Amino acid sequence: MKFAFFSLFVILAFSTCQTPAPPAKRHLQCYVRFDAERNQVQADAVLRQGADSIGQPVEMPGGFLYQGSEMRIIPIEGLTYRRTYAADFIPEHSFSWTNEKGVRQQATFQMAAISTFTFGDKPLLRSQPATLRWEGGALEKGEALVLIWENKKLNQTVPMEIMRSGGDASIEFPAAKIAELPPGEWMLYLVRKRLAKTTVDGIAAEGVLEYYSKSDAVIVR
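Computed from a predicted model, the values in this text were never measured in an experiment.

**Section: the overall build of the chain**
Right, on to step 1. Of the regular secondary structure elements, the chain holds two helices and 17 strands.
Right, on to step 2. Scored against the burial criterion, the 221 residues of the chain give a buried share of 37%.
Right, on to step 3. By sequence separation, contacts in the chain at least 24 residues apart represent 60% of the contacts at least 6 residues apart.
Right, on to step 4. As displayed, the chain offers around 13300 Å² of accessible surface, 55% of which is attributable to carbon and sulfur atoms.

Right, dumping it as structure tokens:
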């Protein structure tokens, strides 16, 4: 009996030692920025290996493609793959790669635009509420809108971040919010940000997409 028990123990122990370790988790971080002022796209991809999204950056054998074109590694930024080029806006952004079995994989993310925006024809009054309206659809889940106010004369930049989903393509600003801006002429542009997640071929893929609108002059009194 003792021998049988010992034999079984050895077999179990050996079996445990032979069990292959689970593959390390991989996280793909994608970033796309569209600059409407310059009609320019910048796309980045970083593959990380570890238990979470702050793991060690690693190379993807064969590299990455963005919109079907090869991305290059930026030497000064670790193992960041990047592609920058002039282009018109498109809503769909795809990153692709070839896995260990030689199969092409792809992660695709959607970006929404802001073609125009306005507070109306009148100057903004710091003592009155105002409504910002834009063309490009209401904010959806996972989206945020950042207003960047710049005044060169005052050498001042004022960001205002809005997180809201549903409703229409407009936001009401109370007078107290407008009063944060000193009187003068401001240049305003909007940044529409979206966070999207998916899983492809066992890789947790996360996309951050940012649309930078054209700027417009706004008078604040």
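After that view, the rundown keeps rolling.
**Structural notes on the packing of aromatic side chains**
Right, on to step 1. Here the structure, examined in full by the defined rule, presents 11 aromatic pairs.
Right, on to step 2. Between the aromatic rings of tyrosine 66 and phenylalanine 95, the centroid separation amounts to 5.2 Å while the plane-to-plane angle is 50 degrees, which identifies the pairing as tilted. Here tyrosine 66, found in strand 4 (residues 65-66), pairs with phenylalanine 95, found in strand 8 (residues 92-98); they are 29 residues apart in sequence, far enough to count as distant.
Right, on to step 3. For phenylalanine 95, a relative accessible area of 0% corresponds to the buried category.
Right, on to step 4. With centroids separated by 5.3 Å and ring planes inclined at 85 degrees, the aromatic side chains of phenylalanine 89 and tyrosine 211 adopt a geometry described as edge-to-face. Taken together, the positions of phenylalanine 89 in the loop between strand 7 (80-86) and strand 8 and tyrosine 211 in strand 16 (residues 203-212) put the pair 122 residues apart, joining distant regions of the chain.
Right, on to step 5. Using a relative accessible area of 28% as the deciding quantity, one classes phenylalanine 89 as partly exposed.
Right, on to step 6. Taken together, the aromatic side chains of Tyr66, Tyr85, Phe95 and Phe109 make up a single cluster linked through ring pairs.
Right, on to step 7. Between the NZ or CZ atom of arginine 33 and the centre of the ring of tyrosine 212, over which it lies, the distance is 3.9 Å.

**Some remarks on the confidence of the model for the chain**
Right, on to step 1. Taken as a whole, the chain shows an average pLDDT of 87; of its residues, 87% reach a score of 70 or greater.
Right, on to step 2. Across the chain, strand 4 holds the top mean pLDDT of 98, while helix 1 (residues 2-18) sits lowest at 34.
Right, on to step 3. Of the regions scoring below 50 in pLDDT, residues 1-22 engages in zero contacts with residues more than four places distant in sequence or in other chains.

**Description of the pairing of strand 15 (residues 184-200)**
Regular strands place their side chains on alternate faces of the sheet.
Right, on to step 1. In terms of strand pairing, strand 12 (residues 143-151) meets strand 15 through eight bridges, oriented antiparallel. When the bridges of strand 15 are listed, tryptophan 149 appears paired with leucine 188.
Right, on to step 2. Where strand 15 meets strand 17 (residues 216-220), five bridges bridge the pair, whose relative direction is antiparallel. Within strand 17, the position partnered with glutamate 185 by the bridge is isoleucine 219.
Right, on to step 3. Sheet analysis places strand 15 next to strand 16, joined by 10 bridges and oriented antiparallel. Residue pairing in the sheet places lysine 193 in a bridge with glutamate 210 of strand 16.
Right, on to step 4. The antiparallel pairing of strand 15 with strand 16 creates a hairpin that spans two residues between the two strands, and aspartate 201 there sits at a positive phi of about 55 degrees.

**Considerations on the nonpolar core**
Right, on to step 1. Of all hydrophobic cores here, the largest spans 51 residues; its most connected members are Leu145, Leu147 and Trp149.
Right, on to step 2. When neighbours within four sequence positions are excluded, tryptophan 149 is seen to be in contact with Phe119, Leu124, Gln156, Thr157, Val158, Met160, Leu181, Trp186, Met187, Leu188 and Val218.

**Focus: the sheet that holds strand 11 (residues 130-135)**
Right, on to step 1. Across the sheet, which stays open at both edges, the three strands sit in the order 10-11-14 with antiparallel pairing between neighbours. Two strands bound the open sheet, and with one partner strand each, they are strand 10 (116-118) and strand 14 (170-173). Neighbour-to-neighbour, the strand axes of this sheet turn through a mean angle of 15 degrees, independent of strand direction.
Right, on to step 2. Relative to strand 11, strand 10 runs antiparallel, the two sharing three bridges. Looking across to strand 11, one finds that threonine 118 is bridged to arginine 133.

Cut-offs used in this document
All residue numbers refer to positions counted from 1 along the written sequence of the respective chain. Local features in this predicted model are restricted to residues whose pLDDT is 70 or higher, and side-chain atom pairs enter the listing and the counts only when it is 80 or higher, whereas totals over whole chains, interfaces and linings include all residues. Think of the side-chain values as coming from all heavy atoms in the structure, minus any hydrogens and water. Each helix corresponds to a stretch of at least 4 residues labelled H or I by DSSP, and each strand to a stretch of at least 2 residues labelled E; elements are numbered beginning at the N terminus. Partly exposed residues are those whose accessible area sits between 20% and 50% of the maximum for their type, while under 20% is buried and over 50% is exposed, using a 1.4 Å probe and protein chains only. Note on definitions: a residue-residue contact is assigned when non-hydrogen atoms from the two residues lie within 4.5 Å. For the area figures, the Shrake-Rupley method with a 1.4 Å probe applies, and any residue is considered shielded solely by the protein chains shown. For Phe, Tyr and Trp, rings pair up if their centres lie within 6.5 Å, where Trp contributes its six-membered ring, and each pair is then called stacked (planes under 30 degrees apart), edge-to-face (over 60) or tilted (otherwise). Two thresholds decide whether a charge sits over a ring: the Lys NZ or Arg CZ must be within 6 Å of the ring centre and within 35 degrees of the ring normal. Across the chain, each position has a pLDDT score giving the predictor's confidence in that residue, from 0 to 100. If DSSP finds at least two bridges between two strands, the strands pair. Only buried residues count toward a nonpolar core, which is a set of Ala, Val, Leu, Ile, Met, Phe, Trp, Tyr and Cys residues joined through side-chain atoms within 4.5 Å. Geometry is summarised by axes, namely lines fitted to C-alpha atoms with helices restricted to the contacting stretch, and by angles between N-to-C directions that run from 0 to 180 degrees.

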